[in-house]
Amino acid sequence: MKLKVYADRMSQPARAVILFLKLNGINYEEVRVDIAKHQHLTPEYAEINPMKQLPAIVDGRFKLFESHAILIYLACSFPGVADHWYPADVFKRSKIHSVLDWHHSNLRPGPVTIVRNTVLAPALGRPFNPEAAAEGEKFLSASLSKIESIWLKDNGRFLLGGNQPSIADLSLVCDIMQLELLDESDRDRLLDPYKKVQQWIENTRNATNPHFDEVHKILMKAKEKRHNQRLNGANNGWGGPEMKKTLLSKI
Ligand SMILES: N[C@@H](CCC(=O)N[C@@H](CS)C(=O)NCC(=O)O)C(=O)O
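Under an unreviewed UniProt entry, the protein chain has the name glutathione transferase and belongs to Hibiscus syriacus. Here is the UniProt Catalytic activity (unreviewed entry) comment for the protein chain, exactly as written: "RX + glutathione = an S-substituted glutathione + a halide anion + H(+)".

**Some details on the site of the ligand**
Surrounding the ligand, one finds Ser 11, Gln 12, Pro 13, Ile 35, His 40, Gln 53, Leu 54, Pro 55, Glu 66 and Ser 67. Looking at the shell around the ligand residue by residue, the class counts come to four nonpolar, five polar and one charged.

**Notes on the domain arrangement of the protein chain**
Interfaces are often sized by the accessible area lost when the parts come together. Partitioning the protein chain into domains gives domain 1 (3-83) and domain 2 (85-248). Its C-alpha centre places domain 1 at a distance of 19 Å from the equivalent point of domain 2. Between domain 1 and domain 2, the contact holds 21 residues from the first and 19 residues from the second. Put simply, the parts of the chain that give the side of domain 1 that touches domain 2 at least two residues each are α1 (12-23) and α3 (67-77). Class assignment of the residues belonging to the side of domain 1 that touches domain 2 gives a composition of 14 nonpolar, three polar and four charged.

**Re the packing of α1 against α3**
At a minimum axis distance of 9 Å, the contact between α1 and α3 shows a crossing angle of 10 degrees. In terms of axis orientation, α1 runs roughly parallel to α3. Residues Pro 13, Ala 16, Val 17, Phe 20 and Leu 21 of α1 pack against Ser 67, Ile 70, Leu 71 and Leu 74 of α3. Of the residues belonging to the contact of α1 with α3, the class tally is eight nonpolar, one polar and no charged.

**A few points about the packing of α1 against helix α10 (residues 211-231)**
Running from amino to carboxyl end, α1 crosses α10 at an angle of 150 degrees, the nearest separation of the two axes being 9 Å. As α1 runs across α10, the sense of the crossing is right-handed. In this structure, α1 contributes Arg 15, Ile 18, Leu 19, Lys 22 and Leu 23 to the contact, and α10 contributes His 211, Phe 212, Val 215 and His 216. Along the lines of polarity and charge, the residues of the contact of α1 with α10 split into five nonpolar, two polar and two charged.

**Examining the UniProt feature "domain: GST N-terminal" (unreviewed entry) in the protein chain**
Listed under "domain: GST N-terminal" (unreviewed entry) in the UniProt record, and renumbered for this structure, are residues 1-82. Span residues 1-82 is 35% helix and 22% strand, its end C-alpha atoms 23 Å apart.

**Describing the sheet that holds strand β4 (residues 62-65)**
Sheet architecture is open: four strands sit in the order β2-β1-β3-β4, paired in mixed fashion. Each of the sheet's edge strands pairs with one partner strand only, and the pair in question is β2 (28-32) and β4. Neighbour-to-neighbour, the strand axes of the sheet open up by a mean angle of 20 degrees, direction not taken into account. One ladder, built from four bridges, connects strand β3 (residues 56-59) with β4; its direction is antiparallel. Within β4, the position partnered with Val 58 by the bridge is Lys 63. In this fold α1 packs onto β1 (3-7) and β2, with an angle of close to 150 degrees to the strand it touches most, β1.

Here is what the cut-offs are and how they apply
- Residues numbered from 1 in each chain as written.
- Predicted model: local features only at pLDDT ≥ 70, side-chain atom pairs only at ≥ 80, totals over all residues.
- UniProt positions renumbered as here; feature names shortened; annotations may be inferred.
- Near = placed C-beta within 6 Å.
- Nonpolar A, V, L, I, M, F, W, Y, C, P; charged D, E, K, R; others polar.
- Domains from an automatic or database assignment.
- Contact = placed C-beta atoms within 7 Å.
- Helix = DSSP H or I, 4+ residues; strand = E, 2+ residues; numbered from the N terminus.
- Axes fitted to C-alpha atoms, helices over the stretch in contact; angles between N-to-C directions.
- Parallel < 35°, antiparallel > 145°, perpendicular 65-115°, else oblique.
- Left-handed = near helix turned anticlockwise from the far one by under 90°.
- Pairing = 2+ DSSP bridges.

Pasting the structure below:
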């Protein structure tokens, strides 16, 4: 039975999983679970992922949630996955686990908090919350500094050195890419001080294209639509009825 991936491409960890599958030519069926329509909260989906979050996979009778665990499972159980994604060497593998564990409670909350309390707030039925967004910015800056001073300190192309990316690069970059939803000037302001991070994002993108751009197309479309609405002077921004419609069809 074909591997099923439950995903909404507006979700960062879902994009990381889809990107990995595409890069490795793994045959799968993408089952769209629309977060905006609360499809992840249905009892049917809870049977697949009791946490009611995306992504999740079903491989035959085996069900799995949590994107890091999914990436590791896929790397280990499908033939033909190149070693650099999740090396057999226990030392290299452990270094990947270390980055991934750090990612969950350090890098991830920054972009999530910023985007949720600014551009997505109205579509999520929440008020804008500049204080929370500012906290998110602090969190993000601290994490980007750590990435530069620890994993990119020797100017390697990827987080674990070497010339090829691992699952850790996919996972972390997909989270940072969520900043594309912000105003261009805000995104640039946040990333500008981190030249090594910018270079690493570009390295990962180049190493994984055309799939990288394809999985992120949904973000770019949402961003472009917002930009056009602003140019047309539509008085609705992210909170207005038009953008709300766009986002609700995309997040
Ligand atoms: N640690 C989880 C995070 C999953 C997660 O937060 N998914 C979000 C989308 S990015 C979600 O499903 N949110 C809906 C909700 O929590 O109600 C993973 O890496 O898979």
